[in-house]
Amino acid sequence: MILPAVIATAGLVLYPLLFTLGVSFTNWHLFFPGVQFVGFETWSHTLQSDFLPQVARNTVVFVLGTVPAQYLCGLIVALALSNVKRGRAFFRVYFLVPLMISPVAVAYVMGSMMLNETVGPVNEVLRLLSLPRVPWLSDPNWAMFSLIMIDVWHWSSFMILVLLAGLQSLPQEIYDSAKVDGANSWQTFWTLTFPLLVPFSVTAILLRLISAFKVLDIIKVVTNGGPGRSTESLTMTVIDTGVRGGDLAYGAVMAYVLLVLMLTFSGIFMLVTRRWVTSAQGGEERRNAI
Amino acid sequence: MPFRSNRTRQRLSDVLVYGVLVAWSLIIFFPLYWLVITAFKGPLSTNSGATFIPWVDFTPELRGWDYIFGDNRDVVMKPFLNSVVVSLSSALGALLIGSMAGYALARFPFRLGPLSNDGIALTFMGVRMFPAAVLVIPLLIMYRELGLLDTRVGLIIAYWSFGVPFVVWMMRDFFRSLPVEIEESALIDGCTRLGVLRDIALPLARPGLIAVFILLMIDAWNEYTLAVTFAFTDAVTIPLFLQQQNDLQLGTQWWNMSAIALLSLLPIVASGLVLERYITRGLTFGAIKG
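Reference entry: report on the structure contained in this document. All values derive from a computational prediction rather than experimental measurement.

Here is what the cut-offs are and how they apply
- Residues numbered from 1 in each chain as written.
- Chains lettered and ligands numbered in written order.
- Predicted model: local features only at pLDDT ≥ 70, side-chain atom pairs only at ≥ 80, totals over all residues.
- Heavy atoms only, no water.
- Helix = DSSP H or I, 4+ residues; strand = E, 2+ residues; numbered from the N terminus.
- Rg over C-alpha atoms; globule rule 2.2 N^0.38 Å.
- Buried < 20%, exposed > 50% of the residue type's maximum accessible area, 1.4 Å probe, protein only.
- Contact = heavy atoms within 4.5 Å.
- Areas by Shrake-Rupley, 256 points an atom, 1.4 Å probe, with all protein chains shown as cover.
- Lys, Arg positive; Asp, Glu negative; His and termini not counted.
- Charge placed at Lys NZ, Arg CZ, Asp CG, Glu CD.
- 1 Å grid on protein atoms, 1.4 Å probe; cavity = no way out; pocket = protein on both sides within 12 Å on 5 of 7 lines; lining within 4 Å.
- Points joined across faces, edges and corners; volume = space filled by probe spheres on them.
- Nonpolar A, V, L, I, M, F, W, Y, C, P; charged D, E, K, R; others polar.
- Buried area = accessible area lost by both parts, 1.4 Å probe.
- Salt bridge = Lys/Arg side-chain N within 4 Å of Asp/Glu carboxyl O.
- Axes fitted to C-alpha atoms, helices over the stretch in contact; angles between N-to-C directions.
- Parallel < 35°, antiparallel > 145°, perpendicular 65-115°, else oblique.
- Left-handed = near helix turned anticlockwise from the far one by under 90°.

### Brief notes about the overall build of chain B
Then comes step 1: Within chain B, the regular secondary structure consists of 14 helices and zero strands.
Then comes step 2: Taken over C-alpha atoms, the radius of gyration comes to 24 Å for chain B, far larger than the 19 Å a tight globule of 290 residues would show.
Then comes step 3: Principal-axis analysis of the C-alpha atoms places the extent of chain B at approximately 75 × 75 × 35 Å.
Then comes step 4: The buried share of chain B, reckoned over its 290 residues, is 54%.
Then comes step 5: In chain B, the proportion of contacts linking residues at least 24 apart, taken out of those at least 6 apart, comes to 70%.
Then comes step 6: For chain B, the exposed area adds up to about 13,200 Å²; of that, 66% sits on carbon and sulfur atoms.
Then comes step 7: Considering chain B, the positive charge centre built from 21 side chains and the negative charge centre built from 20 side chains are found 9 Å apart.

In structure tokens form, the structure reads like this:
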């Protein structure tokens, strides 16, 4: 019974994974005949190019710009949502809507239309307030900022959902006893809620971290990597140059650079947070013991 | 410590809570609103500057909808049909393959090298995290050989790469939460294992199956990276179609684009809102367990 799933997963993921590694040691190009094993040649070419650091930096900037902002928005809204007395069901369902919309549609509405520099509503509002127009998409730094903003709009909902589930799973009694001890809500948050929420925070952040590294769709729609190549992500290079451009070996190296970056960042994140997760669980056990 | 009556404090926290929720609601609302009104605009109300309120600063028109349902109907409907076929079949296939494995992993002890059941399930989950960039090159080569490029079948199979591991992981937990006793007594009564799965376990796991199915549908409906790699003309899905239109007519025919975008997210958001409780359950379950 387990066999079909193993075959599907091995054939569609594990085998391609190794195959890509193999391709990265060749000079395979779809449009030029003759595939040769070239050892580390493609790797050293790619790693020495000026282009790789730029694209890798773009990707990391995007990840570090989006995930913490999403977590912050998600935490604030989830806290509000868990304290609300009326209308919680409505807000919860309503905040789910962004998660169901395709990134391409979101990118189109926010990037192409709303942030349009000449006829978009955002610059129009700025004009009415007599503020200067912002070059949302034509300036490299603003373009990256716009992409981050769009992604935050789209995915904060995911954080809200997971953190709200976490908040609702916390036992009510400890809050009652904290109140008896005279703790104010600020103290309660930092000494009780936040530490107990750590396991949920870690999982939610980890999942978003991994997805953010893979970003392609919104960049493709909003800036197509531009201006210049200032917003091109690693996945975009793999697809555009590696697959569309036929330079398979180069694409394979870039794909592995992405994989290594992603694993390094999530590995560091897991190492750093592991202590907190276990101490949160330890706290829970201590509480259960009492 | 300055004394504040409980009531004042309560009112203050209510203001804060609702303030946050209303602010976030507006942030979510504006892009959606902009999409809807632009779908009912024409050149007059877009090209000379932003207009905000129908019947006040612009007159609604049906140009975009004429475009979709008029002469261009076949052009627009093809990607819709592709998306429906691809997301339904890939979700159903992944559900079939994955839930068998999930059931097996929940009920029988397995060994795969150093891995026991928990390890195997974790491996499935880990596999789902790999970026599509490391998979596309070998799949492209395989698809070229097999003639699967630019076909719906090709996309359906490619989507199993993230669908199947997800189902295995989720359904294993759902099956584990079901009582074993019913199944055991059915086995004693002479029912076969497959019979038990079909007549007892699957019906009992229906909420889980629905949750997983919806999430798979949404993922496949909105997927972009694999679609842009493997589909060009015949198998183009909605996100891809939308992006191609965006590149072709940027800044000129927004009403057409918006009508298409709106039409593309309506079915998934409508069904999502109806089945909201399953989505919430699936998302938080998957995230927290993951």
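### What to know about the layout of surface pockets
All names here are of chain B.
Then comes step 1: In this structure, the largest pocket encloses a volume near 1,900 Å³.
Then comes step 2: If you tally residues by element for the lining of the largest pocket, the top one is helix α1 (residues 6-38), at nine residues.
Then comes step 3: Partitioned by chemical class, the residues of the lining of the largest pocket number 21 nonpolar, 13 polar and seven charged.

### Some remarks on the interface of chain B and chain A
Then comes step 1: Taken together, the 86 residues of chain B in the interface contact 86 residues of chain A.
Then comes step 2: Counting the surface lost from both chain B and chain A, the interface buries some 7,500 Å², and carbon and sulfur atoms represent 81% of this.
Then comes step 3: Its largest share of buried area at the contact with chain A, chain B owes to B:Leu21, B:Trp24 and B:Ile137, together 9% of the area lost on that side.
Then comes step 4: Linking chain B to chain A there are one salt bridge.
Then comes step 5: Salt-bridge contacts for B:Glu276 lead to A:Arg92; the nearest nitrogen and oxygen are separated by 2.7 Å.
Then comes step 6: Ranked by residue count, the leading element in the side of chain B that touches chain A is α1(B), at 17 residues.

### Description of the pattern of salt bridges
Then comes step 1: The final tally for this structure, using the stated rule, is twelve salt bridges over all chains.
Then comes step 2: With a shortest N-O distance of 3.0 Å, A:Arg127 and A:Glu124 are connected by a salt bridge. Note that A:Arg127 and A:Glu124 are positioned in helix α7 (residues 121-128) at a spacing of three residues, about one turn of the helix.
Then comes step 3: Residue A:Glu124 is classed as buried on the basis of its relative accessible area of 13%.
Then comes step 4: Across the salt bridge formed by B:Arg63 and B:Glu61, the nearest N and O atoms sit 3.0 Å from each other.

### Details of the packing of helix α9 (residues 172-180) of chain A against helix α10 (residues 185-213) of chain A
Residues and elements named next belong to chain A.
Then comes step 1: Two elements in contact, α9 and α10, have axes separated by 11 Å at closest approach and are oriented at 165°. Classified by the interaxial angle, the pair formed by α9 and α10 is roughly antiparallel. Note on packing geometry: the crossing formed by α9 with α10 is right-handed. Mapping the contact onto sequence places Ile 174, Tyr 175 and Ala 178 in α9 and Thr 188, Leu 192, Thr 193 and Leu 196 in α10.
Then comes step 2: Of the residues assigned to the contact of α9 with α10, the class counts are five nonpolar, two polar and no charged.

### Focus on empty space enclosed by the protein
Then comes step 1: Scanning all chains against the criterion turns up six cavities of 30 Å³ or more.
Then comes step 2: Each pocket or cavity is described by its volume, and for the largest cavity that value is around 1,200 Å³.
Then comes step 3: As for the largest cavity, its lining consists of 44 residues, and the residues nearest its centre are A:Trp155, A:Arg208, A:Ser211, B:Arg128 and B:Asp219.
Then comes step 4: Split by residue class, the lining of the largest cavity holds 29 nonpolar, eight polar and seven charged.

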